[in-house]
Amino acid sequence: ICAAAPHIPFLFCTHLCFPVSVQCELQTVGAIMAEYAVGPLISMLKDKVSSYLLERYKVMDGMEEQCEILERKLPAILNIIEDAEEQGAYRSGVSAWLKALKKVACEANDIFDEFKYEVLRRDAKDKGHYKKLGFDIVSLFPAHSPIIFRYRMGKKLRRIVRIIEVLFTEMNELGLKHLQQAPPSKQWRSTDSIILDSEKDIVSRSRDEEKKKIVSILVNQASDRDLIVLPIVGMGGLGKTTFAQLVYNDPAIKEYFQLRRWCCVSDDFDVVKIANSICQDSESDRDKALQNLQNEVSGKRYLIVLDDVWNEDADKWKKLRTCLKHCGKGSAVLTTTRNEKVAQSMKMCVDYSHNLEKLHKVFLKEIFENRAFCSQKIDASEISNMVEQILHRCGGSPLAAKAFGSMLSTKTSIKEWTDVLTRSNSCNEKTDTLLILKLSYEDLPLHLKQCFAFCAVFPKDYEIDVEILIQLWMAHDFIPLKEDDNLEKVGREIFDELTWRSFFQDVKQTPPQREQSELRSRTVCKIHDLMHDVALCVMGKDCLTIVGRPNQKELLSAGPARHLFLSSRVIGTLLDDHLKKQSPALQTLLYTYIRPLGPVPHLSKYSHLRALQLFELRKLPLRPRHLQHLRYLDLSNNELIKELPKEISVLYNLQTLKVCNCKRLCRLPKDMKYMTNLRHLYASGCTSLECMPPDLGQLTSLQTLTYFVVGSGPGCSTIRELCGLNLGGELELSCLEYVTEEHAKASSLGNKEELTHLSLKWSDDSIEELDQHRNVLDALKPHAALEFLGIYSYRGTAFPTWMTSHTFLQHLTELHLDGCTMCEQFPQFGQFKALEVLVLKRLNRLQILCGSNSSAAFPALKDLRIENLEIFEGWVATEQEESTFPLLENVRIENCPKLTTLPEATRLKVLELEEDKPQLSLSILKSRYMSYLSELFLSVCDTEATPTPKIDQDPEVSLSRMVLTGCSFLFPSSPLQPAVGVWKWFGQLVRLDIDSCDTLISWPEEELRSLVSLKILVIKNCSELIGLAEVKGCCTRGSLPNLTELAIVHCVNLTELFVLPPSLTSLTLEECHSVEFILGQGDATASSEHCNDLASNNMPEQSPPPKVNPLLCLKYLIIQSCNKIRSVPGPLDTLTNLNIGDCSGLESLDSLGDLPLLQALSLVDCKNLASVPGSNGNYSALEKIMIRYCPAINMRPLYGHLQRRCNSLEYKDLSHAGSSNPIKGPKLWEPKSWKYVIPRQWPVY
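A short tour of the structure in this document, coming up. (Residues numbered from 1 in each chain as written. Predicted model: local features only at pLDDT ≥ 70, side-chain atom pairs only at ≥ 80, totals over all residues. Heavy atoms only, no water.)

The next subject is the pattern of salt bridges. According to the stated counting rule, one finds 45 salt bridges in the structure shown. Its salt-bridge partner being Arg205, residue Glu366 comes within 2.9 Å of it at the nearest N-O pair. Of this pair, Glu366 sits in helix H17 (residues 361–372) while Arg205 sits in helix H9 (residues 192–206), and the two are 161 residues apart along the sequence. Here Arg205 falls in the partly exposed class, since its relative accessible area comes to 38%. (Salt bridge = Lys/Arg side-chain N within 4 Å of Asp/Glu carboxyl O. Helix = DSSP H or I, 4+ residues; strand = E, 2+ residues; numbered from the N terminus. Buried < 20%, exposed > 50% of the residue type's maximum accessible area, 1.4 Å probe, protein only.)

Looking now at the environment of Val490. The topology assignment puts Val490 in helix H24 (residues 487–500). Here Val490 falls in the buried class, since its relative accessible area comes to 12%. For the pair formed by Val490 and Ile470, sequence separation is 20 residues and the distance between their alpha carbons is 9.2 Å. Beyond its immediate chain neighbours, meaning those up to four positions away, Val490 contacts Ile479, Pro480 and Asp485. (Contact = heavy atoms within 4.5 Å.)

Where strand E28 (residues 935–940) and strand E29 (residues 961–966) come together, six bridges link them in parallel fashion. What sits directly across from Val940, in E29, is Gly966. (Pairing = 2+ DSSP bridges.)

The end-to-end C-alpha separation of H24 is 20 Å, in line with the 20 Å expected for 14 residues at 1.5 Å each. The element H24 is largely enclosed, with a buried count of ten among its 14 residues. Listed in full, the buried residues belonging to H24 are Leu487, Glu488, Val490, Gly491, Ile494, Phe495, Glu497, Leu498, Thr499 and Trp500. N-capping of H24 is provided by Asn486, with a side-chain oxygen placed 2.9 Å from the backbone N of Glu488. A positive backbone phi angle near 70° is found at Ser502, which sits one or two residues after H24. (Expected span 1.5 Å × (residues − 1). Polar contact = N/O pair within 3.5 Å; in protein donor to acceptor, adjacent residues only side chain to side chain.)

Counting 195 residues, the largest nonpolar core has Trp983, Phe986 and Ile1187 as its most contacted members. Listed in part, the 47 residues of the second largest apolar core include Leu472, Ala475, Phe478 and Tyr632. (Core = buried A, V, L, I, M, F, W, Y, C linked by side-chain atoms within 4.5 Å.)

So, about the sheet that holds strand E8 (residues 522–526). The strands making up a sheet are joined through hydrogen bonds of the backbone, oriented either antiparallel or parallel. Within the open sheet, the three strands sit side by side as E6-E8-E7. Their pairing is antiparallel. At either margin of the open sheet sits one strand with a lone partner, and together these are strand E6 (464–465) and strand E7 (505–510). As paired elements, E7 and E8 share four bridges and run antiparallel to each other. In the sheet register, Gln505 faces E8, and the bridge partner there is Lys526.

Let us now look at empty space enclosed by the protein. The gaps of empty space that remain are located by a probe, the size of a water molecule, rolled over the atoms. On inspection of all chains with the given rule, the structure shows seven cavities of 30 Å³ or more. Empty space within the largest cavity amounts to approximately 250 Å³. Together, 24 residues line the largest cavity, and Leu41, Gln450, Phe478, His563 and Gln587 are the ones closest to its centre. Residue contributions to the lining of the largest cavity peak at five residues, all from helix H5 (residues 92–126). Class assignment for the residues of the lining of the largest cavity results in ten nonpolar, five polar and nine charged. Each of domain 1 (20–174) and domain 3 (444–540) contributes no fewer than three residues to the lining of the largest cavity. (1 Å grid on protein atoms, 1.4 Å probe; cavity = no way out; pocket = protein on both sides within 12 Å on 5 of 7 lines; lining within 4 Å. Points joined across faces, edges and corners; volume = space filled by probe spheres on them. Nonpolar A, V, L, I, M, F, W, Y, C, P; charged D, E, K, R; others polar. Domains from an automatic or database assignment.)

Turning our eyes to something else, we now look at the packing of H17 against helix H19 (residues 398–408). Two quantities define a packed helix pair, namely the angle between the helix axes and the distance between the axes. Where H17 meets H19, the axes come as close as 7 Å, and the angle between the chain directions of the two elements is 25°. Put simply, H17 runs roughly parallel to H19. The two elements H17 and H19 meet at a crossing, and its hand is right-handed. Contacts between H17 and H19 involve Leu364, Ile367, Phe368, Arg371 and Ala372 on the former and, on the latter, Pro398, Ala401, Lys402, Phe404, Gly405, Ser406 and Leu408. The residue makeup of the contact of H17 with H19, split by class, is eight nonpolar, two polar and two charged. (Axes fitted to C-alpha atoms, helices over the stretch in contact; angles between N-to-C directions. Parallel < 35°, antiparallel > 145°, perpendicular 65-115°, else oblique. Left-handed = near helix turned anticlockwise from the far one by under 90°.)

With that out of the way, let us pick up the environment of Ile494. With respect to the element layout, Ile494 can be found in helix H24. Among the residues examined, Ile494 registers a relative accessible area of 3% and is labelled buried. For Ile494 and His447, which are 47 residues apart along the polypeptide, the C-alpha to C-alpha distance reads 8.6 Å. Those residues in contact with Ile494 that lie beyond four places of it in its chain are His447, Leu448, Cys451, Trp473, Ile479 and Pro480.

In the contact formed by helix H2 (residues 38–49) and helix H22 (residues 446–454), the axes pass within 8 Å of each other and the chain directions differ by 120°. With respect to H22, the axis of H2 lies oblique. The crossing of H2 and H22 is left-handed. Here Gly39, Pro40, Leu41, Ser43 and Met44 of H2 come into contact with H22, specifically with Leu446, Lys449 and Gln450. Residues that form the contact of H2 with H22 fall into these classes: four nonpolar, three polar and one charged.

Moving on to the packing of aromatic side chains. All told, the structure shown has 25 aromatic pairs when counted by the stated rule. Look at Tyr794 and Phe799: their rings are 5.2 Å apart centre to centre, the planes differ by 20°, and that puts the pair in the stacked class. Pairing Trp875 with Phe885 gives two aromatic rings, centres 6.3 Å apart and planes at 85°, and the pair type is edge-to-face. With Trp875 in strand E25 (residues 874–876) and Phe885 in the loop between E25 and strand E26 (890–894), this pair connects stretches of sequence that are ten residues apart. Summarising the burial analysis for this pair, Trp875 and Phe885 share the class buried. Here Arg260 stacks its cationic end above the ring of Tyr248, 4.5 Å away from the centre of that ring. Sitting above the plane of the Tyr1116 ring, Lys288 keeps its charged end 5.1 Å from the centroid. (Phe/Tyr/Trp six-rings, centres within 6.5 Å; stacked < 30°, edge-to-face > 60°. Lys NZ or Arg CZ within 6 Å of the ring centre and 35° of its normal.)

Rendered as structure tokens:
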């Protein structure tokens, strides 16, 4: 979800699509909660009716009577809404009344938003906005004439008032009455972390015996078995996930298992998603993801937790289990589920599942009282009986106890406690937990109900960005605003209270995604699946969540929706057609897949949109006059657009605009100053932006501005425009060479205490006076609370005093200095005691990290990167270097020619070295670092072969990954020389990359023989590599016994490969122009015992062929720009992905056989290829196909097979199959392709 979303199967998250085992529970609860969204809507409408904004320009002249009626009726309706919602569960008349009220409330809210927009529009018009846009607004849009507007809106409002008056009359006839409700308490705010820690301790104590039992099974009883699967079964809210976490984090488990992975599964048992979670990857292709999973677990003793499993499809589990079986002895899968049937189908090598016991009442009482009595005292003797009844209602569920306790913590009298207990009497053994959560929801203030219920739009187990969530709440006016309140602050308080009440969980900080130009970490959270069920019951069909490819049947069952979340690679016209018919009042449209396949949505049809997130489009389908209600607009990661429509400045209601990483975006609309409601402008990564629009300082509501580029010409905002803006979060100031000292001082950065992350950039080629740089930097002094500081291409000879002060930046956790080439005096970096990340690049005059007069300790530093420091020669000037870097884990050193030593860091895990001569690289091989490094990256440019001398020690090396670029010293300079001795250390190496090594002439047989654990081998840009060494002969069979992935790229002189092991599942050959044979010229026979079970289980039974292909395990074959290859060995019955391009010598692929498992086929620019592979089969598994520029190919057999199932294909492109590549010119000198000069027109389907 946060990175590109993987393509996963279709999933609808509406109330219709819960697992069967909880359908009846949700129907019961859903009936009670079906119209719970009405109260918040009425409350919101009441506030809008009395808004002072509507009086500002008298936009409601002539409609005073209607407003007065609404001001009287709405509070009265709001008073009885709680009673109506309760009775609606069992009185059909009240339920129908609520539905009618909900419909008219939505319409009325839109109408009052139109009034508000008209206020803002007239204000902008008075300031001359429309003249600057170049058109007369009244002549083009007569509806904006005050007379026509008043007539049109008056007609709408009178209709609304008539309906509400009828409903008001019916309300009295139905006998609905006012139920007194206690005001909400704020006491939750002061006790959050203490209570959570206490609850963890309670749960740990309460489950200790059960935990010991499970740990014993996993560590002792399972040690002699290849794989066991142990399900943990229990009802919802019983604490299965928490219990699994206790087991997962037990010290004995951590010590026993080599690999531990946690995967939250939930409703959709998607093997791709699960495989990616275990591999910590984002692979979208199913078979590639499964192959990665097999590689990840192969030979290791692992523990994998599959949390919250609902899947009853045994075939899905078998496919995943097949990959998981490639493990070391003693491996285990721990699953949690509510469904005993699921547990029975999954358990393996155990006699029974573990049924989690209900939490003992003693511990349940501790959890409840920690919440209920956190900040108030009630006489225990008076309520002891009630507490016992409440604990009985909780049914052993800690989640229910937390929810009940949080709810009662706001009740200050015995009567209120009694009322809650009375309302809980409808609980029964089957639905008690859900109904308790329903009561917890019911107890929320109206605005909290609305905020939480909206979260139903997100998929289950979705990681929600809290900042975005609050902005979406704001977009829908869910956050009530009082005078002098800050919307974002109130939104955060709402989130914190909902978290305290257990509606949100797993709140954590995620590191910034620097590839997305982020400077700050993000706060994310999840929703417990039972709480998500509650939200879905509240919202009903108002929310539609689609993950994967939509289909017609499920879209028709979904009905109309107001909020849509879509994460799908393939959109198609189906969804757009559905929305036009079913969801004309769509308010939220979130496309989270960056580059999907499908048409542009017709946004002009959705004039009620308040929040919109779009995927990458060349032309934005935005017509601002249709989007008057829009508050949230996210166009990020669009690398096609160069500018936004200038009319976007008429979106006067817009609060949040995101254009992050729109790398070709040159300018923002020049009239943005009229967008006075804009609060957040995210533009990080817009590297082509030339300047900021003029008068940006007029956007006085602006609180977030992530990127400000200073322009040199007229019509650009200067940095002084920041003066009156109360900015927070992160800010990058670019092109500071155009800033004067006066403007820098006027920006008043020091007054912006909410600004925690600051990046200051000059251009590399700036030529202004050096003193100007220092004066500007001095004037840009930030607030002392700064956490991140980056300074780039600064040309001053020294840093200002605010940077060198020993007391100023004491909260700084990350510091980047890059391109400060003229600077001679630097801060004493050891003075920043909170510093965790230090990046120093292109500091030509930096000699030492810490001088003798400063503290040499970096107590918090974890990440150190130094690059291109010409005279840098040491770390600290003192001799006490041992304790300098106690927490350092990652080090990167690039081009520091005078540096001869590495930092003393006993926790170092990842080391990257890039240098001309193998100075530091040789020293690392001789050091104790080799015993605790997990990843090593070495790049040595020296082309002269200097083999590593013999090293006496034989350290215990645990390297799992090594990348070598150049590094001639690690290979013998001729085949007659022995292998370099260090290779025998790398028996645990899993991945090896070799790049640009000119010493490598033949396949390094002896070196490879030592790599018994290697799974991934990548060789690229080795121009001297030819093939097998004649002196040593062929590589013996058995080399690289666990290799699964091999990639050879741009080895132009390579003629043959080594003998490929039978374990290979993925083979890539690119730009290897001299290769003729894939298998080499040696023996092509091998056993298939290493083939994975997934392949063998899907192969039809048949008599064995006379000759066995050693690549029977191969699933992925990619061949690009290998012109001498004429055929590919086969058959390859396990192949799932075939990608061949620019192979002019290839004539036939018939040897591949029927390809029964083929899912993706791509053939591009193979001018002599005569036939499509697998044409004798039926392509039953095919999902994606692309054939282009193969003029000699016969397409008829393929089309004959696909005609019957064309609609089931996820992607197809056959439009240029029989054409010659137009880029490469005419092919008249090639007789085979003459008849295809005129492309054949294959039927379009």
